[in-house]
Amino acid sequence: KQRGGKEVTLVEGFVGDPEDLKDLAKMLKSKCGVGGSSKDGEIIIQGNHRDKVCDLLSKEGYQVKKKGG
């Protein structure tokens, strides 16, 4: 999806206010020490941070389902 072959961690299925999505993305980017973006109910974190993102989301009380290898 127009990422130039770079690895990203994609968080899908967010249900809630767009401001909450933006705040959650900001927290995840900060904790992972990388850049990223949020839009259309998705959060994109630069690099492979799947395990860390899953742990952070679980601690925040979100239901997490891992996909991919």
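Summary of the structure given here. (Residues numbered from 1 in each chain as written. Predicted model: local features only at pLDDT ≥ 70, side-chain atom pairs only at ≥ 80, totals over all residues. Heavy atoms only, no water.)

Concerning the side chain of threonine 9
- If you trace the backbone, threonine 9 turns up in strand E1 (residues 8-11).
- Of note is the side chain of threonine 9, whose polar atom sits 2.7 Å from the backbone oxygen of glycine 47.
- A polar contact is formed between the side chain of threonine 9 and the backbone nitrogen of histidine 49, at a distance of 2.7 Å.
- Those residues in contact with threonine 9 that sit more than four places away from it in its chain are Ile43, Ile44, Ile45, Gly47, Asn48, His49, Arg50 and Val53. (Helix = DSSP H or I, 4+ residues; strand = E, 2+ residues; numbered from the N terminus. Polar contact = N/O pair within 3.5 Å; in protein donor to acceptor, adjacent residues only side chain to side chain. Contact = heavy atoms within 4.5 Å.)

Here we look at the sheet that holds strand E2 (residues 36-39)
- An order of E1-E3-E2 is seen for the 3 strands of this open sheet, with the pairing classed as antiparallel. Of all the strands in the sheet, just E1 and E2 have a single pairing partner and so form its edges. The average undirected angle you get between the axes of adjacent strands in this sheet is 10 degrees.
- Along the sheet, helix H1 (residues 18-32) contacts E1, E2 and strand E3 (42-46); its crossing angle with E3, the most-contacted strand, is approximately 15 degrees. (Pairing = 2+ DSSP bridges. Axes fitted to C-alpha atoms, helices over the stretch in contact; angles between N-to-C directions.)

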